[in-house]
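Here is how the chains run, residue by residue.
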Amino acid sequence: MNRHSLVFKLTLFLSLFFVSVMLFIAFANVQITRTNLKQSEEDKIRIIVNTVLPIISMNMSFGFDEPVKELIESLPKGNRNILAAQILAPNERILYSAYTDQDYTDIFVKVGNGHFFHQSDIIDPVTGEMLGTLRLAYSNTYYQRITGEYEKFLIYTIIPILAIFALFVYVFYKKLSPIRQLSQKLATYSPSNESGIRVEMMRGKDEIAVINNTAKTMLENIQSYTNRLSELNQNLEAKIRKEVEKNREKDRILIQQSRQAALGEMIGNIAHQWRQPINALGLILQDIEDAHEHQELSTQYLALSVDQAMELISHMSDTIDDFRNFFLPNKEKDLFTLDQVINNTLKIVGASLESEEIHVEVQIRDAISIYSYQNEFTQVFINMINNSKDAFKNSHRHDKRIRIESYYDTPHNELIILVSDNAGGIPEAIMDKIFDPYFTTKYKDKGTGIGLYMAKAIIETNMGGVLKASNTDGGAKMLIQLPMEAIRKPGR
Amino acid sequence: MRRWWMVFALFVTLSAQSYNENILKIEANIIPRIVLMDYKFTDKLHDKHIRVLLLHNGMDAISALKMQNIMEEKYPDGIKGYALDIRLQTYDAFLAHPQPATVYYLMDTHTSTIKDVVAIARKQGVLTFSHDTKNLALGANVSLKIDKKIIPYINVTSLKESGISLRPALLSISEIYQ
């Protein structure tokens, strides 16, 4: 039997309780009966003594020996329970004595034989003097017989009661057997076990049948729901794969859109980058033409002009390389520094910033290597700087400044990058929306609303960092927190 | 004269009742105790003494004297703190001048004398103890019935007429005279 079983505990408790109560009742009954019986026997002795003592004392007072002797002798004869009667003088000498049997002559000496003993002083009713002592030995046979019979009666009563109780426990145990079996089955039940457990349907409408049958129904339902859940899970996995694929497609589209938007920016930037060298190249060509007309085009002069033109073309070619490098997707992570990222960024957007007379300040306190996708990280800076540049268009400020600073936050073991401007800041009303996709404050032809969304996605999803926006006194501030664990190259 | 004296002595000797000394001793022992069994015995003391008056005929003077001696020997210091005043008086003297007492001990005499003494005692409410149980029929209160065993013999009717109440303990060992 399982000692944790409720049935076992209940049965054990009931058994112990019942047996304890029965034993207590039996013990208390025997004790009370013995006490009462003993009291009754002592009362009998007291009645006898109270009856004979005045007669004895009166006769002894008058000096009538014969009545006293006759009375003493009559005691064992008249009541077989009186085993011995003695009258002692004040000096303990036996004056009168009578015994049921000669075996009892020394009964008052051999104490501890279980008999009742009584002793009373005989006082002279006339003078109040002590005349002697009356001693009685009273048989305990009746007392023992009655107590014995009562104990037998109790035993004969308790045995059937215990038998009935045992039967009750047996019936109780058998009756709860289905619950016990059900609990054992439930203990080993697992919905994932396809074979499940078999619970028999019970007839009847009592609580046990209801519990058993309800459990059976519940198990069947659970099994049914489990099967359905399993099917749903399988479908769900397919759905999730499909949704993930959709999301990836969406991201690809977003990135594509972002790239396209960036491409628009880039073309503008390339135009800015190339405008000056193209002009210079044009001037060199005009100068060659003029020199030729004025017969000044010497070989040396032509060579110098070609060198100057080739330098310009080389510079323009570098610009193209910079843009091409940026648009080449990083397939693998590589190790780079924030300096590199900022330089790349400025190569791309520097010309447009110059044309807008926006001054960029860079302060990198701790040179920390970053292991990630460099182009994506560069795009983050491009997006943030472009946002600042656009904000300056509405600010009408003359001292346009973008400040980039970074440092290592030792207590939190993370790289902090702050990109701030003095372009007036972000209106509080839209502060919580600026990272939402397709949210823009620009005209439709100028903004896609995915720049900051992409920046946040790159920082938080791809690089494991945090990107937050806030306002400073005169502008906006972007905070990038990159945990060192996320940007450190494994094994370094 | 001498002859007449001898005749008188013989007459007295022959007429004198024979009193068993053992019985006298028993009675001497019992009489003061029976007095104490009277609920109102303290009202009947004389000079704080239990006065026992032994009434006798002249011819029983010796037995009466013996009775007095036995009682004095038995109770030299009195009983229960009460001293005993044991006196002798002849019936004739008593009838002429009744001497008050706590208890009257009646020795043998004529029936009429007993009746007279009993009448006086009843008036006084004094207990009468008779040597002879026959006197209970004449109104004496207490006597001793001497058979195989000795037991007090009490005339409850005469006690009631005398206004005397004895303690139940005495009655429990006594036989009631019907």
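As the structure is a prediction and not an experimental result, all values here were calculated from the model.

## Looking at the overall build of chain B
Next, step 1: Counting its regular elements, chain B contains seven helices and seven strands.
Next, step 2: Reading chain B from its N end, one meets helices and strands in the order α-α-β-α-β-α-β-α-β-β-β-α-α-β.
Next, step 3: Here chain B holds 178 residues, and 49% of them are scored as buried.
Next, step 4: In the structure as shown, chain B presents an accessible area of about 9300 Å², 54% of it carried by carbon and sulfur atoms.

## Looking at the pattern of salt bridges
Residues and elements named next belong to chain A.
Next, step 1: Using the criterion set out here, one finds 21 salt bridges over all chains in the structure.
Next, step 2: Salt-bridge contacts for Asp390 lead to Lys393; the nearest nitrogen and oxygen are separated by 3.6 Å. Of this pair, Asp390 and Lys393 both sit in helix H8 (residues 374-395), three residues apart, which is roughly one turn of the helix.
Next, step 3: What makes Asp390 buried here is its relative accessible area of 15%.
Next, step 4: Between Asp399 and Arg397 there is a salt bridge whose closest N-O contact spans 3.4 Å.

## Observations regarding the interface of chain A and chain B
Next, step 1: Contact residues are listed per partner, giving 13 residues for chain A and 19 residues for chain B.
Next, step 2: Each partner contributes to the roughly 1300 Å² buried at the junction of chain A and chain B, and carbon and sulfur atoms together form 70% of this total.
Next, step 3: Counting the surface chain A buries against chain B, the share from its top three residues, A:Phe62, A:Phe64 and A:Val126, is 46%.
Next, step 4: Counting every contact that joins chain A to chain B gives two salt bridges.
Next, step 5: In this structure, A:Glu70 and B:Lys149 form a salt bridge, with 2.9 Å as the shortest nitrogen-oxygen distance.
Next, step 6: The interface formed by chain A and chain B contains five residue pairs in polar contact (both at pLDDT 80 or more).

## Some remarks on the sheet that holds strand S8 (residues 400-409) of chain A
Residues and elements named next belong to chain A.
Next, step 1: One open sheet accounts for five strands, arranged S6-S8-S9-S11-S10; its pairing is mixed. If you trace the sheet from one side to the other, it starts and ends with strand S6 (358-364) and strand S10 (466-471), each paired once. Recorded for the sheet is a direction-independent mean angle of 15° between the axes of neighbouring strands.
Next, step 2: Pairing of S6 with S8 involves seven bridges; the strand directions are parallel. Bridging across to S8, Val360 finds its partner in Ile402.
Next, step 3: Together, S6, S8, strand S9 (414-421), S10 and strand S11 (476-483) form the strand contacts of H8, whose direction differs from that of S8 by roughly 145°.

## A look at unusual backbone geometry
Next, step 1: The phi dihedral of A:His396 falls on the positive side, at around 55°, and the residue is not glycine.
Next, step 2: In this structure, A:His396 sits in the loop between H8 and S8.
Next, step 3: Even without a glycine there, the phi angle at B:Lys80 is positive, about 50°.
Next, step 4: Turning to its location among the elements, B:Lys80 is positioned in the loop between helix H3 (61-74) and strand S2 (83-90).

## Examining a nonpolar patch on the surface
Residues and elements named next belong to chain A.
Next, step 1: Together, Phe13, Phe17, Val21, Phe24 and Ile25 make up an exposed nonpolar region whose accessible area comes to about 520 Å².
Next, step 2: Take Phe24: it is sitting in helix H1 (residues 6-62).
Next, step 3: Residue Phe24 is classed as exposed on the basis of its relative accessible area of 58%.

## Observations regarding the sheet that holds strand S4 (residues 130-138) of chain A
Residues and elements named next belong to chain A.
Next, step 1: Spatially, four strands are ordered S2-S1-S4-S3 in an open sheet, and the strand pairing comes out antiparallel. Two strands in the sheet have a free side with no partner beyond their single neighbour: strand S2 (94-99) and strand S3 (116-123). The mean angle between the axes of side-by-side strands here comes to 10°, regardless of whether they run parallel or antiparallel.
Next, step 2: As paired strands, strand S1 (residues 82-88) and S2 are joined by five bridges and run antiparallel to one another. Note on S2: the bridge partner recorded for Ala85 is Ala98.
Next, step 3: Packed on one face of the sheet, helix H2 (residues 65-78) meets S1, S2 and S4 and runs near 30° to S2.

Conventions used here
Residues numbered from 1 in each chain as written. Chains lettered and ligands numbered in written order. Predicted model: local features only at pLDDT ≥ 70, side-chain atom pairs only at ≥ 80, totals over all residues. Heavy atoms only, no water. Helix = DSSP H or I, 4+ residues; strand = E, 2+ residues; numbered from the N terminus. Buried < 20%, exposed > 50% of the residue type's maximum accessible area, 1.4 Å probe, protein only. Areas by Shrake-Rupley, 256 points an atom, 1.4 Å probe, with all protein chains shown as cover. Salt bridge = Lys/Arg side-chain N within 4 Å of Asp/Glu carboxyl O. Contact = heavy atoms within 4.5 Å. Buried area = accessible area lost by both parts, 1.4 Å probe. Polar contact = N/O pair within 3.5 Å; in protein donor to acceptor, adjacent residues only side chain to side chain. Pairing = 2+ DSSP bridges. Axes fitted to C-alpha atoms, helices over the stretch in contact; angles between N-to-C directions. Patch = residues over 30% accessible without salt bridge, like charges linked within 9 Å, V, L, I, M, F, W, Y side chains within 5 Å.

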